[in-house]
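Working through the structure, step by step
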Amino acid sequence: MDLPKGMQTGAHNLTRRRLLAASVLAVPAWATAVRVAGAQTLDMLETRLIAFSDVILPRDDTPSASDLGSHRRILSRAADDERFAGIVEAALDLLDRVSAQRHGKPFVALGDEARHDIIAEMAEAPEDTLPGWFFRAARAELFMDYYARPESWAGLGLEDPPQPAGYLDASEAPEDRT
């Protein structure tokens, strides 16, 4: 699938080297904005990240990603890793640009269906592009935090974690069914 015009990263696919170079260049601007605008910029980043996160893990019978604060794992990683922070900022900016092109408003102002459509395209983007890399990295961070929390287990039918004790009812070797 070709990337939609708003999700193209330029004339070339984004190689790992270009991704790192772009993130290094983006970090000083992001860090300066945080120092100048303070909590307002961080609040805007968190608001946009919540909108993204809740499409990945929406509220149903279980809490959403933001209900459990799983998006904060990404914010924490960004606080510790300037390159990752630049990538997060660039990816969220890209979501806003695509949203503005298609719907005339920022990503956070979209309804669930429009948000889902944009993120579904991001999920199909090649790994060597900004949208593809960010989607996979952010989803992994969200899943690791979300499913580590007992509140998320109701939808899985688990009452206790399978580790470190393992599944207690599986202490016997399985039957040979050949």
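Provided above is the structure to which this section pertains.
Here's what I pulled together on the structure shown here. Counting restarts for each chain, with residues numbered from 1 along the sequence as it is written. Given that this is a predicted model, residues contribute local features only at a pLDDT of at least 70 and side-chain atom pairs are listed and counted only at 80 or more, while totals for whole chains, interfaces and linings are drawn from all residues. Derived side-chain values reflect all non-hydrogen atoms in the structure, with water molecules and hydrogen atoms excluded from consideration.

To pair, rings of Phe, Tyr and Trp, with the six-membered ring standing in for Trp, must have centres within 6.5 Å; the planes then decide the type, stacked if under 30 degrees apart, edge-to-face if over 60, and tilted in the middle. Scanning the model with the defined rule gives 4 aromatic pairs in all. Both rings, one in Phe52 and one in Phe134, keep their centres 5.1 Å apart while their planes meet at 50°; by these two values the pair is tilted. Placement of Phe52 in helix H2 (residues 39–56) and of Phe134 in helix H6 (residues 130–146) is noted, with a sequence separation of 82 residues between them. Residue class for Phe134 comes out buried when judged on its relative accessible area of 0%. Between Tyr146 and Tyr147, the ring centres sit 4.9 Å apart and the planes meet at 85°, which makes this aromatic pair edge-to-face. On the accessibility criterion, Tyr146 (2% relative accessible area) is buried. Remark: a charge is flagged as sitting over a ring if the NZ atom of Lys or the CZ atom of Arg is within 6 Å of the ring centre and within 35 degrees of the ring normal. The ring of Phe84 has Arg77 sitting right over it, with the charged end atom 3.9 Å from the ring centre. Here the guanidinium or amino end of Arg115 rests over the ring plane of Phe107, the centre of that ring lying 5.7 Å away. Helix and strand definitions here come from DSSP, where helices need a minimum of 4 consecutive H or I residues and strands a minimum of 2 consecutive E residues; each element is numbered from the N-terminal end. For every residue, the accessible area (1.4 Å probe, protein chains only) is compared with the maximum for its type, and the residue is labelled buried under 20%, exposed over 50%, or partly exposed between those bounds.

Any carboxyl oxygen of Asp or Glu within 4 Å of a side-chain nitrogen of Lys or Arg constitutes a salt bridge here. For the coordinates displayed, the defined rule picks out 10 salt bridges. Residue Arg77 is joined to Glu141 by a salt bridge in which the shortest nitrogen-to-oxygen separation is 2.9 Å. Of this pair, Arg77 sits in helix H3 (residues 71–80) while Glu141 sits in helix H6, and the two are 64 residues apart along the sequence. The buried category is assigned to Glu141, whose relative accessible area is 10%. With a shortest N-O distance of 2.9 Å, Arg102 and Glu121 are connected by a salt bridge. Of the two residues, Arg102 sits in helix H4 (residues 82–103) while Glu121 sits in helix H5 (residues 112–124), which places them 19 residues apart along the sequence.

Turning our attention to H3. Listed in full, the buried residues belonging to H3 are His71, Ile74 and Ala78. Considered in projection along H3, the buried side chains sweep an arc of 60° and stay on one side of the axis. Exposed residues lying more than 90 degrees from the buried face of H3 are Ala79 and Asp80. Here, the arc refers to the directions that run from the helix axis to the C-beta atoms.

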